[in-house]
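The primary structure of each chain is shown beneath.
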Number of protein chains: 2
Amino acid sequence: MKKLNFKIILQMMGFLLIFNGLFMLLSVIVSLYYDDGASQGILYAGLLSMAVGGLFQFATKGFKTQIKKREGYLVVTLGWIIMSLSGALPYIFTGAIPSFTNAFFETMSGYTTTGASILNDIESMPKSILFWRSTTHWIGGMGIIVLAIAILPLLGIGGMQLFSAEAPGPSADKLHPRITDTAKRLWLIYFSLTVAEAILLKVAGMGVFDAVNHAMCTLSTGGFSTKNASVAYWNNQPVIQYIIIIFMFLAGTNFVLSYYAFKGKFKKVFYDEELKIYFIIIVLLTTISAILIYYFAGVSKTPTEIQAIAHPMVNGLAESSFRHALFQVIAVITTTGFVSADFSIWTPFLSVIFFFLMFIGASAGSTAGGVKIVRHIIMLKNGFLEFKRTLHPNAIIPVRYNGRAVTRGIVFNIMAFFILYLVVFAIGASVFALLGLDIITAAGASASSLGNVGPAFGDLSPVNNYDSLPSFGKWWSAFLMLLGRLELFTVLIVLTPYFWRNN
Amino acid sequence: MKKLNFKIILQMMGFLLIFNGLFMLLSVIVSLYYDDGASQGILYAGLLSMAVGGLFQFATKGFKTQIKKREGYLVVTLGWIIMSLSGALPYIFTGAIPSFTNAFFETMSGYTTTGASILNDIESMPKSILFWRSTTHWIGGMGIIVLAIAILPLLGIGGMQLFSAEAPGPSADKLHPRITDTAKRLWLIYFSLTVAEAILLKVAGMGVFDAVNHAMCTLSTGGFSTKNASVAYWNNQPVIQYIIIIFMFLAGTNFVLSYYAFKGKFKKVFYDEELKIYFIIIVLLTTISAILIYYFAGVSKTPTEIQAIAHPMVNGLAESSFRHALFQVIAVITTTGFVSADFSIWTPFLSVIFFFLMFIGASAGSTAGGVKIVRHIIMLKNGFLEFKRTLHPNAIIPVRYNGRAVTRGIVFNIMAFFILYLVVFAIGASVFALLGLDIITAAGASASSLGNVGPAFGDLSPVNNYDSLPSFGKWWSAFLMLLGRLELFTVLIVLTPYFWRNN
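Residues numbered from 1 in each chain as written. Chains lettered and ligands numbered in written order. Predicted model: local features only at pLDDT ≥ 70, side-chain atom pairs only at ≥ 80, totals over all residues. Heavy atoms only, no water.

J.: I tried to follow the interface of chain A and chain B on my own but got confused; where do I start?
T.: Interface extent is often summarised as the accessible area lost during association of the parts. At the junction of the two partners, chain A supplies 50 residues and chain B supplies 50 residues. It is F387, L391 and F412 of chain A that lose the most area in chain A upon contact with chain B, and together they represent 17% of the buried surface on that side. Applying the counting criterion to the chain A and chain B interface returns 0 salt bridges. At the junction of chain A and chain B, the tally comes to 6 residue pairs in polar contact (both at pLDDT 80 or more). At the level of elements, helix 3 (69-87), helix 15 (347-357), helix 16 (373-391), helix 17 (408-434), helix 18 (439-450), helix 20 (489-495) and helix 21 (497-500) of chain A are the ones that each hand at least two residues to the side of chain A that touches chain B. No other element matches helix 17 of chain A, which puts 17 residues into the side of chain A that touches chain B. (Contact = heavy atoms within 4.5 Å. Buried area = accessible area lost by both parts, 1.4 Å probe. Salt bridge = Lys/Arg side-chain N within 4 Å of Asp/Glu carboxyl O. Polar contact = N/O pair within 3.5 Å; in protein donor to acceptor, adjacent residues only side chain to side chain. Helix = DSSP H or I, 4+ residues; strand = E, 2+ residues; numbered from the N terminus.)

This is how it looks when you write it as structure tokens:
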């Protein structure tokens, strides 16, 4: 293998730092507007990021080359880490989150669009800091769109080659400038949807600040909220919750499909297998959950906080059960992690269902984390075909997806990805358990971190937060978030000795 | 596809029923010897089985043909079911287990060598009934040896083709008479090891009856005990427990390796990768468990029954910790499920470890259930190679096992098996949760039934039994046992409509 070109990597990191610093300036403006006293700290953070970024750029000035595949893995992995290091500065410099561990956790949770938080009193934070928090989600979402649709297929990660042909982009070994065009178009959709949601939320009765923040955290499937009770704060305003439900759903679809929809190519949208299954899963699980909540949860009126919040039934128990079921199912499948009620106390059966839901994830090419529905579709189809193949060992029976035959190599890739995902989950849960977490909390923390969901079970249930984790647990959770967000291989490949040979 | 030949299937079922009936006569002798009053009931059960079997044989008299692959799946699946139906008769006819559900559960648990029991007071049962219970394990173990080594590879199940060359048997599409030779040799080893363990247990101080029963239940990796406290009954006699540990270990190795060892081909044994990894996992997990028990469990002297049983430390805490750690690790990895202490209360970390251990399983070609170590080896190797392949998408890099390249088709098969295993586990756990079991009990019941282990967690922990399951839960558990025992595909393929086409 050729030697890695570190110059190009440094150049990219410089670009990301400047980009991040510029976004921080937006929060400075928010701070000045609300006069919340955090402007100076955020400004310093922004200037420092830009200064270091500028230095990197200066050191590699005039250097022009194309990124090779192997450098791609490193750029993506280091990029997410350096963004999180720089993004933690506003928390630290303003004193909003003094501990470096906590600040890094919150930022990694932001950029990976996980939405797990260590903040015990969100509402006491300066508004600009909350806006920065939402911004990390929103930037992370932008990063994921281009990553999922343009970069990962080229890097040959976990079967994502399936999509190299779908994105109106390149398919060569070198990352092509046309990626920029694709990215711009998709970002425009991302931006428009965010604006649309913010306006709708405002119209429905949310304050401007909350509306903008929640829109940013919805489209990125992040899940940070500006309220301690998350979206349960608006349990008296069902319209607000339905708006969020719709946009969470959209954020969990493949952005290329939105692009087709904007272009009027509805046939491509309606015949998409992943969209169909995504929809069916939601309908099915919402129905089951709603019925169970209606019959059983109506009984268990324990005086826990979230139950109290979830139970002002504006339009009666039926609507309330339906809405909370739908909200939680979509919040978990899209890995957004907003909360309108505590799913972890909804009968043992629903606990199991929501636990497994964390392993499903929404569509590939969306901002959602997790395994992704397309992978499940292909694995299940392959599973059924395996029976046919067992009966006819010599016949060649390919898996078909969206009308095309999927190569055996891609199916292989996807199965290896899923198995690796479960191995990482198992190791993740074991480490949490070693830190003293009980078995449910440990398993939930691992599944939720890896799937970029946010809320989990037990001590990390939707009404709790991640502050109770021991310090090492926070780093471990942040590592799992990064692994999950970058589809495992991108990070793990950089950790193999083989990757570094010939350097 | 050709039509299924039902005559040959009927003939095989007839053979199995007669065989089963003859084994029941052994229990009649035991009953007469101990004069426990159960002889008549068992005799009727045996005669009925033989009568029906004889009828089947008579109906297909003189019929001679070879079993085809497709009939193979049906013979194996129906065989296990018909054995369980007939094997439940002694319990019902003697009134020892009056409920049909319970009797069927106990018998399926026997033939699948699971060892989960619905008996609340084992020691109050007639001795002959306990002997019959152990006999079901022992027959199940015999069945598994020939199944795993000779039949499954031919049926192309879950990568087991790997072993078609290893067993000194056939590899054509039709089941060859040489299978009988292979089986006879392996059964001789199975029989000899059982006798050896029984003698050693007797010499170490166990009564003859207990010694014979425990030997039968060890070699089959079953786990039924003649004592309510299982092997914890002998916590004052460490030598007895060490003997059982050694034979559980042996029962979890590939019987073909024992065959090589008897023939003096030790090189083949020592270089076997699966044996090496099996050994390493046990050493590693025993060390971790022993240290944790030593430091933490010494503290938590809760007055629960099993703790009380586990704590007469004959040789001090260090030896006791080591022994109980080793015993439980081997009992779970070999899916025997004997109990000398309650692993479910050994710190949260060990709960997680023992839970995942249920998914490992011992060696292929042993009597153990579960996924099997060889599959994990190949999946992990393939996982690492997938990184290399991602960096060099055009290179062909095969997985190597025991010095030979494993075909891509077999790796594919194994990954599909593992994913299917986890899907079945997930569905299994969801159904248990739907019946009202809490999340830990539900997940444990599914993993333990499917892996043919026996003890699980929560309400089904090593100090409890399966009697508390609702009636449907017992049938579901029995179904999972059968699925797991027959490596999923064998049963599931029979349930596909495709299998029945052209009939």
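J.: Is there a simple way to think about a nonpolar patch on the surface in this case?
T.: Residues and elements named next belong to chain A. Among the surface-exposed residues, L43, Y44, L47, L48, V52 and F93 lie close enough to one another that they form a single nonpolar patch of about 490 Å² accessible area. Here the nonpolar patch takes 5 residues from helix 2 (residues 39-59), the largest share from any one element. Looking at the secondary structure, you find F93 in helix 4 (residues 89-94). (Patch = residues over 30% accessible without salt bridge, like charges linked within 9 Å, V, L, I, M, F, W, Y side chains within 5 Å. Areas by Shrake-Rupley, 256 points an atom, 1.4 Å probe, with all protein chains shown as cover.)

J.: Looking at this structure, how should I read the relation of the copies chain A and chain B?
T.: Relating one copy of the chain to the other takes a rotation about an axis and a shift parallel to that axis. Its rotation angle being 180 degrees, the transformation that places chain A on chain B also includes 0.0 Å of axial translation and leaves an RMSD of 0.0 Å. Both copies of the chain, as the preceding transformation shows, are related through a two-fold rotation axis. Most of the interface of chain A is mirrored in chain B, where 100% of its interface residues again form contacts. (Least-squares fit on C-alpha atoms with pLDDT ≥ 70 in both.)

J.: Whenever I open this one, the environment of T407 of chain B confuses me. Can you help?
T.: In this structure, T407 of chain B sits in the loop between strand 2 (404-406) and helix 17 (408-434). Expressed as a C-alpha distance, the spacing of T407 of chain B and L162 of chain B, which sit 245 residues apart in the sequence, is 9.1 Å.

J.: Honestly, the packing of aromatic side chains in this entry has me stumped. Any pointers?
T.: Centre-to-centre distance and the angle between the planes together describe a pair of aromatic rings. If you walk through the whole model with that rule in mind, you get 64 aromatic pairs over all chains. With a centroid separation of 5.9 Å and an interplanar angle of 40 degrees, the aromatic rings of F417 of chain A and Y421 of chain A are classed as tilted. Of this pair, F417 of chain A and Y421 of chain A are both found in helix 17, 4 residues apart, which corresponds to roughly one turn of the helix. For the pair F417 of chain A and Y421 of chain A, one class covers both residues: buried. Judged by centre distance (4.8 Å) and plane angle (15 degrees), the rings of F249 of chain B and Y278 of chain B are stacked. Remark: Y278 of chain B occurs in helix 12 (residues 273-297) and F249 of chain B occurs in helix 9 (residues 238-251); sequence separation between them is 29 residues. The ring of Y34 of chain A carries K127 of chain A above its face, with NZ or CZ at 5.0 Å from the centroid. Over the aromatic face of F209 of chain B sits the side chain of K127 of chain B, whose NZ or CZ is 5.4 Å from the ring centroid. (Phe/Tyr/Trp six-rings, centres within 6.5 Å; stacked < 30°, edge-to-face > 60°. Buried < 20%, exposed > 50% of the residue type's maximum accessible area, 1.4 Å probe, protein only. Lys NZ or Arg CZ within 6 Å of the ring centre and 35° of its normal.)

J.: Mind showing me how you'd approach a positive patch on the surface here?
T.: Residues and elements named next belong to chain A. The grouping of R185, K263, K265, K268 and R404 at the surface amounts to a positive patch. Here K265 shows up in the loop between helix 10 (255-262) and helix 11 (266-270). For K265, a relative accessible area of 43% translates into the label partly exposed. (Lys, Arg positive; Asp, Glu negative; His and termini not counted. Charge placed at Lys NZ, Arg CZ, Asp CG, Glu CD.)

J.: Can you help me understand the pattern of salt bridges in this one?
T.: Should their charged atoms come close, side chains of opposite charge can pair. Tallied over the entire structure, the rule returns 16 salt bridges over all chains. Two residues, D210 of chain A and K227 of chain A, come together in a salt bridge whose shortest N-O distance is 3.6 Å. On the criterion of sequence distance, the pair formed by D210 of chain A in helix 8 (residues 208-219) and K227 of chain A in the loop between helix 8 and helix 9 (238-251) is long-range, its members being 17 residues apart. Comparing D210 of chain A with K227 of chain A, the two get one shared label, buried. Where E273 of chain B meets K381 of chain B, a salt bridge forms, and the shortest distance between an N and an O atom there is 2.8 Å.

J.: So what exactly am I meant to see when it comes to the environment of S344 of chain A here?
T.: Residues and elements named next belong to chain A. The residue S344 is located in the loop between helix 14 (316-333) and helix 15 in this model. Apart from residues no more than four positions distant in its own chain, S344 is found in contact with S351, A456, F457, S461 and P462. Of note is the side chain of S344, whose polar atom sits 2.7 Å from the side chain of D342.

J.: I tried to follow the packing of helix 1 (residues 6-34) of chain A against helix 6 (residues 127-155) of chain A on my own but got confused; where do I start?
T.: In a packed pair of helices, the relevant descriptors are the angle between the two axes and the axis-to-axis distance. All names here are of chain A. Axis separation between helix 1 and helix 6 bottoms out at 8 Å; the angle between their running directions is 150 degrees. As judged from the angle between their axes, helix 1 and helix 6 are roughly antiparallel. Helix 1 and helix 6 meet at a crossing whose hand is right-handed. Residues F19, N20, F23, M24, L26, S27, V30, S31 and Y34 of helix 1 lie in contact with helix 6, whose contacting residues are K127, S128, F131, W132, T135, W138 and I139. Split into classes, the residues belonging to the contact of helix 1 with helix 6 amount to 10 nonpolar, 5 polar and 1 charged. (Axes fitted to C-alpha atoms, helices over the stretch in contact; angles between N-to-C directions. Parallel < 35°, antiparallel > 145°, perpendicular 65-115°, else oblique. Left-handed = near helix turned anticlockwise from the far one by under 90°. Nonpolar A, V, L, I, M, F, W, Y, C, P; charged D, E, K, R; others polar.)

J.: Hey, could you run me through unusual backbone geometry in this one?
T.: If a residue is not glycine, its phi is most likely negative; likewise, a peptide bond is most likely trans. All names here are of chain A. A positive phi angle, near 55 degrees, is found at S230, a position not held by glycine. The phi dihedral of L488 is positive, around 60 degrees, even though this residue is not glycine. You can see L488 is positioned in the loop between helix 19 (471-485) and helix 20.

Geometric descriptors of this kind do not, in isolation, establish any biological role.
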